[in-house]
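Architecture at a glance
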Amino acid sequence: MQAQTTGTAFCETDMVATIKNVFTLIQFGGPLIGGVIALGATVALPAVSRADRKKELTEMRNQAVVWGVLVAPLGTAIIAFLLNNVVVGGTSCGF
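Because the structure is predicted, anything quoted here is derived from the model rather than measured.

**Some words on the overall build of the protein chain**
Summing up its helical and strand segments, the protein chain has 3 helices and 0 strands in all. Starting at the N terminus and walking to the C terminus, you meet the elements of the protein chain as α-α-α. In the protein chain, 62% of the contacts between residues at least 6 apart in sequence involve partners at least 24 apart. When the accessible surface of the protein chain is summed, it comes to about 6800 Å², and 71% of that surface belongs to carbon and sulfur atoms.

**Topic: the packing of helix 2 (residues 14–44) against helix 3 (residues 51–85)**
Orientation of helix 2 relative to helix 3, taken along the N-to-C sense of each, is 170 degrees, at an axis distance of 7 Å. Viewed along their axes, helix 2 and helix 3 adopt a mutual orientation that is roughly antiparallel. Considering only residue class, the contact of helix 2 with helix 3 consists of 17 nonpolar, 7 polar and 1 charged.

**Remarks on the pattern of salt bridges**
What the rule picks out here adds up to 2 salt bridges. One salt bridge in this structure joins Asp52 and Arg50, with 2.8 Å as the shortest N-O distance. By relative accessible area, which is 46% here, Arg50 ends up partly exposed. The closest approach of N and O atoms between Glu56 and Arg53, which form a salt bridge, is 3.3 Å. Highlighted residues: Glu56 and Arg53, both in helix 3, separated by 3 residues, approximately one helical turn. Residue Glu56 is classed as partly exposed on the basis of its relative accessible area, which comes to 47%. Under the relative-accessibility criterion, Arg53 is labelled partly exposed at 41%.

**Digging into the environment of Ile79**
Topologically, Ile79 is positioned in helix 3. Distance from Ile79 to Phe23, taken between C-alpha atoms, is 9.2 Å for residues 56 residues apart in sequence.

**Quick look at the confidence of the model for the protein chain**
Counting all residues, the mean pLDDT for the protein chain is 81, and 82% of those residues have values of 70 or more. Averaged over each element, pLDDT in the protein chain is lowest for helix 1 (residues 2–10) (62) and highest for helix 2 (87).

**Here's the deal with the environment of Thr58**
For Thr58, the position within the fold is in helix 3. Residue class for Thr58 comes out partly exposed when judged on its relative accessible area of 26%. When the C-alpha atoms of Thr58 and Leu45 are compared, they prove to be 7.7 Å apart, with 13 residues separating the residues in sequence.

**Quick look at the side chain of Thr76**
Considering the arrangement of structural elements, one finds Thr76 in helix 3. Residue classification places Thr76 among the buried positions, given a relative accessible area of 6%. One polar contact links the side chain of Thr76 to the main-chain carbonyl oxygen of Pro73, over a distance of 2.9 Å. Once residues lying within four places of it in the same chain are set aside, the contact partners of Thr76 are Phe23, Ile26 and Gln27.

Quick notes on the rules
- Residues numbered from 1 in each chain as written.
- Predicted model: local features only at pLDDT ≥ 70, side-chain atom pairs only at ≥ 80, totals over all residues.
- Heavy atoms only, no water.
- Helix = DSSP H or I, 4+ residues; strand = E, 2+ residues; numbered from the N terminus.
- Contact = heavy atoms within 4.5 Å.
- Areas by Shrake-Rupley, 256 points an atom, 1.4 Å probe, with all protein chains shown as cover.
- Axes fitted to C-alpha atoms, helices over the stretch in contact; angles between N-to-C directions.
- Parallel < 35°, antiparallel > 145°, perpendicular 65-115°, else oblique.
- Nonpolar A, V, L, I, M, F, W, Y, C, P; charged D, E, K, R; others polar.
- Salt bridge = Lys/Arg side-chain N within 4 Å of Asp/Glu carboxyl O.
- Buried < 20%, exposed > 50% of the residue type's maximum accessible area, 1.4 Å probe, protein only.
- pLDDT = per-residue confidence, 0-100.
- Polar contact = N/O pair within 3.5 Å; in protein donor to acceptor, adjacent residues only side chain to side chain.

As structure tokens, this is what we get:
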């Protein structure tokens, strides 16, 4: 009984609210920043004449899409699932 009340009290702390805010920032900020970088690299490609710069911009665009648009939201969803469902005997704070 004591562990249950301790777990519930923990869910009301500022640390849990901060963790939820970080998850939200990564989940929604990642695609936003990744999209802006990818769009910027795509717009800059026709203006660049050197082949090595074009290759760098193409790689930057691809990495921005992969990490910003795909990995950030999926990563936070997976970690939230683990925190909510896999903790044995713990209290879910509902990420």
